[in-house]
Structure formats: structure tokens, C-alpha cells
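Overview (structure and organization)
Each chain, written out:
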Amino acid sequence: FEANQNVLAGRDAKRIIKMYNKVARTLVAFEFLWYKAWVQSIDQAKTGLQATLIIRHPDDNKLYVNFDHEILQLIREAKCLDRMGIEIPESAKIALFQEDKFKTFYRQLHWALTEYDRIVTEVIPVTAMVLRPHFNDMEYKLRPGMITLTWTSMNIDA
């Protein structure tokens, strides 16, 4: 408005300025409320990190990576807010700093479980009985990921 004074000379100028200021105040209030709600939702999103790495689906009995994608959403939102110069709470920064670790472990686990499932399904029934001890051994080795290891465990890659 300052650059183009002719805009302020019109008869509706005061009404337009008033409306503009009202919209600006509403947007700032909305941003503040959204940010406050986002900060409160951080701990809820991070509860997914306490989940075990692997789960067995009750219907198809297959193994799946147990990763809550709300973590990735939290990380994306934190990155966006950081780029905008908005303060990121420490609890969100912790997840943000571990982004590569989470993505790497997710990809590696997903690949391993997909390959395991592929191999198990390709075994013909005649050889299944011979390979059963090997499958049981593999499941035994995966047990820590189903029982004790979580996304915050220090020894995931062990």
C-alpha cells in the first residue's frame, strides 16, 4: 500500500485496509493455534518410536516392519518450520536428527522381510519340511525385533 498511494485514495480504502488487517490478525492467530497444537502432538507422534521393530500380522501371519509413519510426518513438519525460521522444540529436534537412521533401518528391515517372505513362499511343499529348521532359525534371529528392540534402541544394528 505504501508503494502505491493511489490505492489508498479510493473511497473504499479504509474498508479494504480494515478487512486486510482483520484477515492478517486471523491468520496470525490461526498459525499460533496450529503451532501450539503441533507442539502438543509431538509426544503423541513420538510414541510410535517405542514400538517393536517387527510385527506379525494376525490375518496373514507375515512379518512386517512396525514403523509409525507419523514420525516421518513429524520430521517433515519440523523441517518446514525450521526453514521458515520457527523455533523447533527439543523433542522434535531429536527425531529430526535421527531421520537418516530411521529411514535406513526401515528400508533395510523392509527389504530383509520382503526377501524372507519371497523365499518362504517360493519353497515347494516337498522341500519345505527339509528347510523348516532353517526358517525356524531365521524367525528365532528375528525375535528380538519382535519382542525387545524398538526404534529408540541403541543396538538396532547389532
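Everything that follows concerns the structure shown earlier in this document.
My aim in this report is to walk through the structure given alongside it, one point at a time. (Residues numbered from 1 in each chain as written. Predicted model: local features only at pLDDT ≥ 70, side-chain atom pairs only at ≥ 80, totals over all residues. Heavy atoms only, no water.)

Structural notes on the layout of surface pockets
Rolled over the atoms, a probe with the dimensions of a water molecule shows which regions are left empty. The criterion, for reference: Only protein atoms enter the 1 Å grid, on which a cavity is a set of points fitting a 1.4 Å probe that cannot get out and a pocket is an open set with protein on both sides within 12 Å along at least 5 of 7 lines, lining residues being those with an atom within 4 Å of a point. Grid points are joined across faces, edges and corners, and a volume is the space filled by probe spheres set on the points. The numbering of helices and of strands both runs from the N terminus, where a helix is a DSSP run of H or I of at least 4 residues and a strand a run of E of at least 2.
Considered as a void within the structure, the largest pocket measures approximately 360 Å³ in volume. Lining of the largest pocket is provided by 17 residues; of these, Asn-61, Lys-62, Leu-63, Tyr-116 and Asp-117 occupy positions nearest its centre. Looking at the lining of the largest pocket, the elements that each hand over two or more residues are β2 (63–65), α5 (99–122) and α6 (125–147). If one sorts the elements of the lining of the largest pocket by residue count, α5 sits on top with 6 residues.

Digging into α6
Filter applied, for reference: Fitting axes to the seven residues ending at a residue and to the seven starting there, one defines the bend at that residue as the angle between these axes. Whether two residues touch is decided by their heavy atoms; if any such pair falls within 4.5 Å, the residues are in contact.
In the structure, α6 departs most strongly from a straight axis at Leu-131, where the bend amounts to approximately 55° and where the proline Pro-133 lies between one and four residues downstream. Buried residues along α6 sit in contact with β1 (54–56), β2 and α5.

Here we look at unusual backbone geometry
The phi torsion at Asn-61 lies on the positive side, around 65°, for a residue other than glycine. When you line up the elements, Asn-61 lands in the loop between β1 and β2.

Here's the deal with the nonpolar core
Definition in use: Think of a nonpolar core as a cluster: buried Ala, Val, Leu, Ile, Met, Phe, Trp, Tyr and Cys residues, connected wherever their side-chain atoms sit within 4.5 Å. When accessible area is computed with a 1.4 Å probe and restricted to protein chains, residues below 20% of their type maximum are described as buried, those above 50% as exposed, and intermediate ones as partly exposed.
If you look at the biggest cluster of nonpolar residues, it comprises 31 residues, and the most contacted ones within it are Trp-38, Leu-53, Ile-54, Phe-67, Leu-74, Phe-102 and Trp-151. At the level of secondary structure, the elements contributing two or more residues to this core comprise α2 (13–46), β2, α3 (70–83), α4 (90–97), α5 and α6. Broken down by element, the residue count for this core peaks at 6 residues, all from α3. Among all residues touching Ile-54, those that are not within four sequence positions of it are Leu-63, Tyr-64, Asn-66, Leu-109, Leu-113, Leu-142, Gly-145 and Met-146.

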